[in-house]
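Descriptive analysis of the structure
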Amino acid sequence: MGIEVQIRTKGLVVAGFAAVVTGAVAMLGLHVTAGLDPMHGLISEYAFAPAGWLLGVSLTCFAAGAALFAMAMVRAAGSRRVALLVAAWGACMMLVGAFPTDRPGVPLSMSGGIHRYAALVAFVAMPLAGLILARLVTRDRWATAMRVLCGVALVCLVAVVVPYALRFVGIPVSNDDIPAGLTQRLVVVTELGVLVLLGRSLLLRCRDKAAAVRRGAMGERAADKAPALAA
């Protein structure tokens, strides 16, 4: 039974990786075909490009991958806090895709507000999940890489939020004045990196648990044979 559980859990992780890779390919395809300025243009603005439908595909795949990883973590008896944060990140990705942002220069609408604040929650949730997991797997040599990615994501998130704060207090700052697109993309890339490392840790957990189950089964068989040999 233990081996069957680990096989199902591994299947969830593998499916999660497939979803994340598909989402990344869709996002790259969107960047290549849209022809927007990645230094200053926000990712959300790709929704208005001819191939803007790829943005929804990409975000949906990322959300599915996160959901599958969260399910695998719960099934593997991992940290429920990490699973909840990863699931929240996935849910926010779905909201970001379902509620498009407003066109530049247009006042903030309800759809644009949901889009903006769901993205903010997602950008905070993933680094927190990574930092918690890195603290739990301190013996993993990739824990340091996860901390670095989380740190970069949080620093870039501050850079993303600052222009909004400046506009809120009446200081006019446009995306053409700052590399808003670059900082946002750094947040997305680093958080996807955290998600991939999280999936890797789940694969290793499945491997270790499956090996432990096999060793236990072998030990039981050896114990059963011992009385017969003694007789």
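The structure displayed is predicted, hence computed values, not measured ones.

Calculation criteria
- For every chain, the first residue of its written sequence is number 1, and the numbers climb from 1 along that sequence.
- Residue-level local features of this predicted model are given only where pLDDT is at least 70; pairs of side-chain atoms are given and counted only at 80 or more, and the full residue set underlies all totals for whole chains, interfaces and linings.
- With hydrogens and water stripped out, all remaining heavy atoms of the structure feed into the side-chain values.
- We count a stretch as a helix when DSSP gives it H or I for four or more residues in a row; a strand needs E for two or more, and each element gets its number in order from the N terminus.
- When accessible area is computed with a 1.4 Å probe and restricted to protein chains, residues below 20% of their type maximum are described as buried, those above 50% as exposed, and intermediate ones as partly exposed.
- The contact definition used throughout considers only heavy atoms, calling two residues in contact when any of these lie within 4.5 Å.
- Axes here mean lines fitted to C-alpha atoms, for a helix over just the part in contact, with angles spanning 0 to 180 degrees between N-to-C directions.
- Should an angle lie under 35 degrees it is considered roughly parallel, over 145 roughly antiparallel, and from 65 to 115 roughly perpendicular; all remaining angles are considered oblique.
- Note on convention: near helix rotated counterclockwise from far helix by under a right angle means a left-handed crossing. Clockwise means right-handed.
- Amino acids are sorted into nonpolar (Ala, Val, Leu, Ile, Met, Phe, Trp, Tyr, Cys and Pro), charged (Asp, Glu, Lys and Arg) and polar (every other residue, Gly among them).
- Nine residue types can take part in a nonpolar core, namely buried Ala, Val, Leu, Ile, Met, Phe, Trp, Tyr and Cys, and a core is a set of them joined through side-chain atoms within 4.5 Å.
- Paired rings are identified among Phe, Tyr and Trp, the last through its six-membered ring, by centres lying within 6.5 Å, and are further divided according to the angle between planes into stacked (under 30 degrees), edge-to-face (over 60) and tilted (the rest).
- Without a salt bridge and with relative accessible area above 30%, a residue can belong to a patch; like charges are then joined within 9 Å and nonpolar side chains (Val, Leu, Ile, Met, Phe, Trp, Tyr) within 5 Å.
- All accessibility values rest on the Shrake-Rupley procedure with a 1.4 Å probe; residue burial counts only the protein chains present in the view.
- Think of a salt bridge as a Lys or Arg side-chain nitrogen and an Asp or Glu carboxyl oxygen that are within 4 Å of each other.
- Helices are assigned an expected span. That span is 1.5 Å times one less than the residue count.
- Any pair of nitrogen or oxygen atoms within 3.5 Å is treated as a polar contact; in protein, a donor-acceptor pairing is required on top of that, and neighbouring residues in sequence qualify only through side-chain atoms on both sides.
- Known as pLDDT, the predictor's per-residue confidence is scaled from 0 to 100.

**What about the overall build of the chain?**
When helices and strands are counted, the chain shows 6 helices and 0 strands. When the helices and strands of the chain are read in sequence order from the N terminus, they spell out α-α-α-α-α-α. Residues classed as buried in the chain amount to 39% of the 231 residues present. In the chain, 75% of the contacts between residues at least 6 apart in sequence involve partners at least 24 apart.

**Here we look at the packing of helix H2 (residues 53-75) against helix H3 (residues 80-98)**
Running from N to C, H2 and H3 point in directions that differ by 165°, and their axes come no closer than 8 Å. Our classification of the angle between H2 and H3 gives roughly antiparallel. Here the hand of the crossing between H2 and H3 comes out left-handed. Packed against H2, whose contacting residues are Leu 59, Thr 60, Phe 62, Ala 63, Ala 66, Ala 70, Met 73 and Val 74, the element H3 presents Arg 80, Val 82, Ala 83, Val 86, Ala 87, Trp 89, Gly 90, Met 93, Met 94, Val 96 and Gly 97 at the interface. Here the residues of the contact of H2 with H3 sort into 15 nonpolar, 3 polar and 1 charged.

**As for the packing of H3 against helix H4 (residues 110-136)**
Taken N-terminus to C-terminus, the directions of H3 and H4 make an angle of 155°; their axes are 8 Å apart at the nearest point. Here H3 lies roughly antiparallel to H4, going by the angle between them. As for how H3 packs across H4, the hand of that crossing is left-handed.

**Brief notes about the nonpolar core**
Within soluble globular proteins, side chains that are nonpolar tend to cluster in buried spots. Within the largest apolar cluster, 51 residues are counted, with the highest numbers of intra-cluster contacts made by Val 82, Val 86, Trp 89, Leu 195 and Leu 198. Mapped by element, the contributors of at least two residues to this core are helix H1 (2-34), H2, H3, H4, helix H5 (143-168) and helix H6 (180-230). Ranked by the residues each element gives to this core, the list is headed by H2, at 11 residues. In this structure, Leu 198 is in contact with Phe 69, Met 73, Val 82, Val 86, Leu 133 and Met 146, ignoring residues within four places of it in sequence.

**Considering the packing of aromatic side chains**
For the coordinates displayed, the defined rule picks out 1 aromatic pair. Summarising the aromatic geometry, the rings of Phe 17 and Phe 69 are spaced 5.2 Å apart at their centres and angled 70° between planes, so their arrangement reads as edge-to-face. Here Phe 17 is found in helix H1, whereas its partner Phe 69 is found in helix H2, with 52 residues between them in sequence. Taking relative accessible area as the criterion, Phe 69 reaches 1% and is therefore assigned buried.

**Topic: a nonpolar patch on the surface**
On the surface, a cluster of nonpolar side chains totalling about 620 Å² of accessible area is made up of Leu 108, Tyr 117, Leu 120, Val 124, Leu 128, Leu 131, Leu 154 and Val 161. Mapped onto the nonpolar patch, the elements with two or more residues apiece are H4 and H5. Of all the elements, H4 adds the most residues to the nonpolar patch, at 5 residues. Take Tyr 117: it is sitting in helix H4.

**Some thoughts on the side chain of Thr 183**
Along the polypeptide, Thr 183 turns up in helix H6. Among residues more than four places away in sequence, those in contact with Thr 183 are Cys 156, Ala 159 and Val 160.

**Some points on H3**
Compared with the 27 Å implied by 1.5 Å per residue over 19 residues, the 27 Å span of H3 between its first and last C-alpha is a close match. Taken residue by residue, H3 has Val 82, Ala 83, Val 86, Trp 89, Gly 90, Cys 92, Met 93 and Val 96 as its buried positions. A side-chain oxygen of the first residue of H3 lies 3.4 Å from the backbone nitrogen of Arg 81; this N-cap is Ser 79.

**Structural notes on the confidence of the model for the chain**
Here the chain shows a mean pLDDT of 86. Residues at 70 or above account for 87%. H6 is the least confidently modelled element of the chain, averaging 74 in pLDDT, while H3 averages 96, the highest of any element. Note on residues 226-231: pLDDT is under 50 here. Beyond four places in sequence and across chains, it has 0 contacts.

**Re the side chain of Ser 201**
Turning to its location among the elements, Ser 201 is positioned in helix H6. For Ser 201, a relative accessible area of 11% gives the class buried. Polar side-chain contacts of Ser 201 include one of 2.6 Å to the backbone oxygen of Leu 198.

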